[in-house]
Protein chains: 2
Amino acid sequence: MTASLDVPLHDEAADGRDVPAQVRAVAQRAKVASRALATATRATKDAALHALADALVAATEEVVAANARDLERGRADGLSAGLLDRLALTPERVVAIADALRELAALPDPVGEVVRGSTLPNGLRLRQLRVPMGVVGMIYEARPNVTVDAAGLALKSGNAVVLRGGSAAAASNEVIVGVLARALETRGLPGDLVQSIDAWGREGAVALMHARGLVDVLVPRGGADLIATVVRESTVPVIETGVGNVHVYVDESADLAVALPILLNAKTQRVGVCNAAETLLVHRGVADEFLPVALACLADAGVTIHGDETTLALAPEEVAAVPATDEDWATEYLSLDLAVRVVDDLDEALDHIRTWSSGHTEAIVTRDLAASERFVAEVDSAAVMVNASTRFTDGGQLGLGAEIGISTQKLHARGPMGLAELTTTKWVVQGEGHVRP
Amino acid sequence: MTASLDVPLHDEAADGRDVPAQVRAVAQRAKVASRALATATRATKDAALHALADALVAATEEVVAANARDLERGRADGLSAGLLDRLALTPERVVAIADALRELAALPDPVGEVVRGSTLPNGLRLRQLRVPMGVVGMIYEARPNVTVDAAGLALKSGNAVVLRGGSAAAASNEVIVGVLARALETRGLPGDLVQSIDAWGREGAVALMHARGLVDVLVPRGGADLIATVVRESTVPVIETGVGNVHVYVDESADLAVALPILLNAKTQRVGVCNAAETLLVHRGVADEFLPVALACLADAGVTIHGDETTLALAPEEVAAVPATDEDWATEYLSLDLAVRVVDDLDEALDHIRTWSSGHTEAIVTRDLAASERFVAEVDSAAVMVNASTRFTDGGQLGLGAEIGISTQKLHARGPMGLAELTTTKWVVQGEGHVRP
């Protein structure tokens, strides 16, 4: 799951180096290294994941010291408390990050799975095998834990990874990448499986986006601006992740005793994440009964309401509420704010969602089977919840294991992306001299 | 399967219209229309496919007359005989195109398939359902049959389609799209499910590439230039299709009586297609025995050899043979030409393929199990053939039914793309008031 961070791609000064050529050379080394991994057994990869975890814990002091330099610069640059918290590594956090690598080792290996297979009438034997992509590019912001997560996910799925972690975490990432690469080499795997291009700054990031043919897929993780930049610039295929303008719709038939905890969980259990609710839609038939209670509970949890006229009229006096504009319907707040609108019926709710949703997750609370079926069929999002919190759109919660992000596009991966989504397939066709008639 | 056609995107003069807005309006209408289809039953879709086929046959005279205008202009513009042949529609071809629609009706419906499903320990019930993409964009060249194919594949998979067919076939496509749209309306489906943007020329094609959010996937079909343009320009996710620099490797252990028919089939059974062989690699240990015979047979079939030194030395006198350059190793000839190189061993063959292949299809002819396993594991292509012709990389041949193209990228679809590849998935999560702890 990805929270949006408003850290732009930093624009370090170019210094006359041929950055595209140098980044292509990095990607080329990654491609070569990936070949060693493509045919590695699960045992080899899992042992390497444990070696990475051990090495990371052993290097805690060095990692935390580098992180302190990033934090110091971040404070000098005026980064917000939230950003500094995401950036910070403590010895406890290093242990938690290492444990995540060990958990990856416990997951099944997606590589080698026979996705489809058959023998054709002419005797040709077909297998469609799951194989690694090759080289995965990651562009992300200010979160050194993503450096380790991405390296681990790539390793387990048989891929090399080229990382662009942003300048805010540059010192931390440099040390971490060095530790991981050396640990790989101790297990007989190429250190080039995990490389950073942070040294080439924004120009390097752009070069990575243009390294088509060397980089097989690019996964941006971060705020809407970063993702939009990558989608616009990249000729490498991109998997868009993360922006969640998430809706909860309380139907006329809803059990309001079920609706309230779902709403509170969706909005307040964790606010800075993509599967948190951003807009509440309430059927007019239950607005009088539901909204005064719900808005008071939200206010108790510190939530500011951005409401339509009906909502504002129903808000108890003590509730902080302001009029909603179209901008509110469009916004992924990632904060203790919630847009609230009263709708005439399910059709109006579906229309609102069609107009404003980012296609991540929407929930309906209802007891009406027909309403739930229409909602499931007509909402065009990666995940649709019926009588459950939107916070369940998460690889871990859905039982997929670790995730590299949540895709909001329709191509290749939709919803939480786990190990299988970092693989592709290969057709293997075996004959005995078969020719096409 | 797609043959490359050297017809560029034509640059009709812009006339001050706001082309991007108009093309976005087309895509928006397609999006609205796609909703009606997303929940249509297979019976409805199959009946519509038969209605399209009937309408097309009924309109044969009108279609052929429009096609005659395209052919006349094509001849005046100096199009090659091959291009004119691909462009031409006869009453018999119209029947064949209509029959392809009826065959689509006989294929299973990919929509609604439960890809994964389970009940979690907390009682949440998960289903990952196959659902239509929504709006599929197609950019292709001078082949009016693709207009019908694409419309049929989109309809069967529950998608609307926006077509850019190129100016060479503009009159044919205009009539065909009109016939298809009216036929859909007679079956109670929106005519906007099949729309053309040919009227907006090249500017319209570019606008389609930028219609992210309205168009869910863009499939270019045509020559390398067209595909490169779409990949570079498009912010809509693209599935790259078709360029096949295809290799046949004859191993030292090959049964040469098996190798020869595979080679001839791969090179000469049909030359203008992406799964035809373009380079032959022969192990030095069998070159003396294999090449003189193979080159003579190829010459008999009219093939010109572009050979390395060893090959040229082994070529019988009557064989048309010229020295190969790096350009030959890189070229998808799509003609009666073949690049031929003698390699020292399997490693050199794998190196050559890694350097020059477009990742479409490669074949090994061998009796050595270890060699076949290394080739299968190390060749990074959509399809790998062992003792079989490369011509089998085809949706129909592999038993997948109709295909919309052959993907040479790793994201979403790799190899022949059928109906399932025009769908995405949606997670449906059902609870009874579940919240995340």
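Residues numbered from 1 in each chain as written. Chains lettered and ligands numbered in written order. Predicted model: local features only at pLDDT ≥ 70, side-chain atom pairs only at ≥ 80, totals over all residues. Heavy atoms only, no water.

The name an unreviewed UniProt entry gives chain A is Gamma-glutamyl phosphate reductase, with Cellulomonas fimi as the organism. Recorded in UniProt for chain A, the comment headed Pathway (unreviewed entry) runs: "Amino-acid biosynthesis; L-proline biosynthesis; L-glutamate 5-semialdehyde from L-glutamate: step 2/2." The record in UniProt for chain A states the following under Subcellular location (unreviewed entry): "Cytoplasm". (UniProt positions renumbered as here; feature names shortened; annotations may be inferred.)

Of the regular secondary structure elements, chain A holds 15 helices and 16 strands. Taken over C-alpha atoms, the radius of gyration comes to 24 Å for chain A, in line with the 22 Å a tight globule of 437 residues would show. Within chain A, the fraction of its 437 residues that count as buried is 61%. Intrachain contacts of chain A at a sequence separation of at least 6 include 74% that bridge at least 24 residues. A total accessible area of about 15,400 Å² is found for chain A, and carbon and sulfur atoms account for 52% of it. Counting 38 positive and 59 negative side-chain charges, chain A places the averaged centre of each group 12 Å from the other. (Helix = DSSP H or I, 4+ residues; strand = E, 2+ residues; numbered from the N terminus. Rg over C-alpha atoms; globule rule 2.2 N^0.38 Å. Buried < 20%, exposed > 50% of the residue type's maximum accessible area, 1.4 Å probe, protein only. Contact = heavy atoms within 4.5 Å. Areas by Shrake-Rupley, 256 points an atom, 1.4 Å probe, with all protein chains shown as cover. Lys, Arg positive; Asp, Glu negative; His and termini not counted. Charge placed at Lys NZ, Arg CZ, Asp CG, Glu CD.)

It is worth spelling out the UniProt feature "domain: Aldehyde dehydrogenase" (unreviewed entry) in chain A at this point. According to UniProt, the "domain: Aldehyde dehydrogenase" (unreviewed entry) feature falls on residues 21-294 of chain A. Taken end to end, residues 21-294 of chain A has its terminal C-alpha atoms 57 Å apart, with 54% of it in helix and 16% in strand.

You can overlay chain B on chain A at an RMSD of 0.0 Å; the transform is a turn of 180 degrees with a shift of 0.0 Å along its axis. On this basis, the relationship between the two copies can be described by a two-fold rotation axis. Every residue of chain B has its C-alpha some distance from the rotation axis, and the shortest such distance is that of His412 of chain B, at 1.8 Å. (Least-squares fit on C-alpha atoms with pLDDT ≥ 70 in both.)

Let us now look at the interface of chain B and chain A. Tallying the contact residues gives 69 residues for chain B and 69 residues for chain A. Counting each side, the surface lost to burial between chain B and chain A is near 5,700 Å², with a carbon and sulfur contribution of 55%. Contact with chain A buries area across many residues of chain B, yet Leu411, Trp427 and Arg436 of chain B alone supply 15% of it, more than any other trio. Our count for the contact surface shared by chain B and chain A stands at 8 salt bridges. Linking Arg212 of chain A and Glu240 of chain B is a salt bridge whose minimum nitrogen-to-oxygen distance equals 2.1 Å. Taken together, chain B and chain A are joined by 39 residue pairs in polar contact (both at pLDDT 80 or more). (Buried area = accessible area lost by both parts, 1.4 Å probe. Salt bridge = Lys/Arg side-chain N within 4 Å of Asp/Glu carboxyl O. Polar contact = N/O pair within 3.5 Å; in protein donor to acceptor, adjacent residues only side chain to side chain.)

Turning our attention to the side chain of Asn275 of chain A. Within the secondary structure, Asn275 of chain A sits in the loop between helix H10 (256-268) and strand E8 (277-283). At 2.7 Å, the side chain of Asn275 of chain A and the side chain of Arg391 of chain A are in polar contact.

It is worth spelling out the nonpolar core at this point. Soluble globular proteins tend to bury their nonpolar side chains together. Ranked by internal contacts, the top residues of the largest apolar core, which has 77 residues, are Leu56 and Met138 of chain A. With 8 residues, helix H7 (residues 170-186) of chain A is the single largest residue contributor to this core. If sequence neighbours within four positions are ignored, Met138 of chain A has contacts with Val146, Ala150, Val161, Val162, Leu163, Arg164, Leu218, Val219, Arg221 and Ile404 of chain A. Of all hydrophobic cores here, the second largest spans 76 residues; its members include Ala66, Val135, Leu180 and Ala413 of chain B. (Core = buried A, V, L, I, M, F, W, Y, C linked by side-chain atoms within 4.5 Å.)

The pairing of strands in a sheet happens through backbone hydrogen bonds and is either parallel or antiparallel. All names here are of chain A. Read from one edge of the open sheet, 4 strands run E5-E4-E3-E6, paired in parallel fashion. The open sheet terminates on both sides in strands that have one partner only, identified here as strand E5 (194-196) and strand E6 (217-220). Averaged over all adjacent pairs, the angle separating strand axes in this sheet is 20 degrees, with direction ignored. Where helix H1 (residues 19-38) meets the sheet, it contacts strand E3 (135-139), strand E4 (160-164) and E5, and its direction lies at approximately 155 degrees from that of E4. (Pairing = 2+ DSSP bridges. Axes fitted to C-alpha atoms, helices over the stretch in contact; angles between N-to-C directions.)

On to helix H15 (residues 369-378) of chain B, then. Within the sequence span of H15 of chain B, burial applies to Ala371, Ser372, Phe375 and Val376 of chain B. All buried residues of H15 of chain B lie within an arc of 130 degrees about the axis, which places them on one face of the element. Facing away from the buried surface of H15 of chain B by more than 90 degrees, the exposed residues are Leu369, Ala370 and Glu373 of chain B. Contact partners of the buried residues in H15 of chain B: strand E16 (423-434) of chain A together with strand E7 (246-250), helix H14 (346-356), strand E12 (361-365) and strand E13 (383-388) of chain B. (Arc of directions from axis to C-beta.)

It is worth spelling out the pattern of salt bridges at this point. Opposite charge on two side chains lets them pair, provided their charged atoms get close. Counted according to the given criterion, the structure contains 46 salt bridges over all chains. Ionic pairing is found between Lys156 of chain A and Asp46 of chain A, a salt bridge with its closest N-O pair at 2.7 Å. On the criterion of sequence distance, the pair formed by Lys156 of chain A in helix H6 (residues 144-156) and Asp46 of chain A in helix H2 (residues 42-58) is long-range, its members being 110 residues apart. No difference in accessibility class separates Lys156 of chain A from Asp46 of chain A, as the two residues are buried. A salt bridge links Arg73 of chain A to Asp70 of chain A; the shortest N-O distance between them is 3.7 Å. In this pair, Arg73 of chain A and Asp70 of chain A both sit in helix H3 (residues 60-76), 3 residues apart, roughly one turn of the helix. Accessibility expressed as a relative area gives 2% for Asp70 of chain A, which makes it buried. One network of salt bridges, with partners in common, ties together Lys31 and Asp216 of chain A together with Asp380, Lys410 and Arg414 of chain B.

Time to look at the domain arrangement of chain A. Accessible area lost when the parts come together is the quantity often used to give the size of an interface. Here chain A is partitioned into domain 1 (19-241 + 418-427) and domain 2 (246-397). Between the C-alpha centres of domain 1 of chain A and domain 2 of chain A there is a distance of 35 Å. (Domains from an automatic or database assignment.)

Another aspect to go through is the sheet that holds strand E12 (residues 361-365) of chain A. Taken in spatial order, the 10 strands line up as E10(A)-E9(A)-E11(A)-E8(A)-E7(A)-E12(A)-E13(A)-E16(B)-E2(B)-E1(B) in an open sheet, and their pairing is mixed. Of all the strands in the sheet, the pair left with one neighbour each is strand E10 (321-323) of chain A together with strand E1 (114-119) of chain B. Ignoring which end each strand starts from, the neighbouring axes of this sheet average 20 degrees apart. Bridging between E12 of chain A and strand E13 (residues 383-388) of chain A involves 4 bridges; their strand directions are parallel. What sits directly across from Thr361 of chain A, in E13 of chain A, is Ala383 of chain A.

The next thing to look at is the packing of aromatic side chains. All names here are of chain B. Counting across every chain of the model gives 2 aromatic pairs over all chains. Ring geometry for Tyr249 versus Phe375: centroids 6.3 Å apart, planes at 15 degrees, classification stacked. Here Tyr249 is found in strand E7, whereas its partner Phe375 is found in helix H15, with 126 residues between them in sequence. The two residues Tyr249 and Phe375 agree in class, both being buried. (Phe/Tyr/Trp six-rings, centres within 6.5 Å; stacked < 30°, edge-to-face > 60°.)

What follows concerns the packing of H14 of chain B against H15 of chain B. All names here are of chain B. For the pair H14 and H15, interaxial distance at closest approach is 11 Å and the crossing angle is 20 degrees. By the criterion of interaxial angle, the relationship of H14 to H15 is roughly parallel. Handedness of the crossing formed by H14 with H15: right-handed. Between H14 and H15, the contacting residues are Leu346, Asp347, Leu350, Ile353 and Arg354 on the first element and Ala371, Arg374, Phe375 and Glu378 on the second. (Parallel < 35°, antiparallel > 145°, perpendicular 65-115°, else oblique. Left-handed = near helix turned anticlockwise from the far one by under 90°.)

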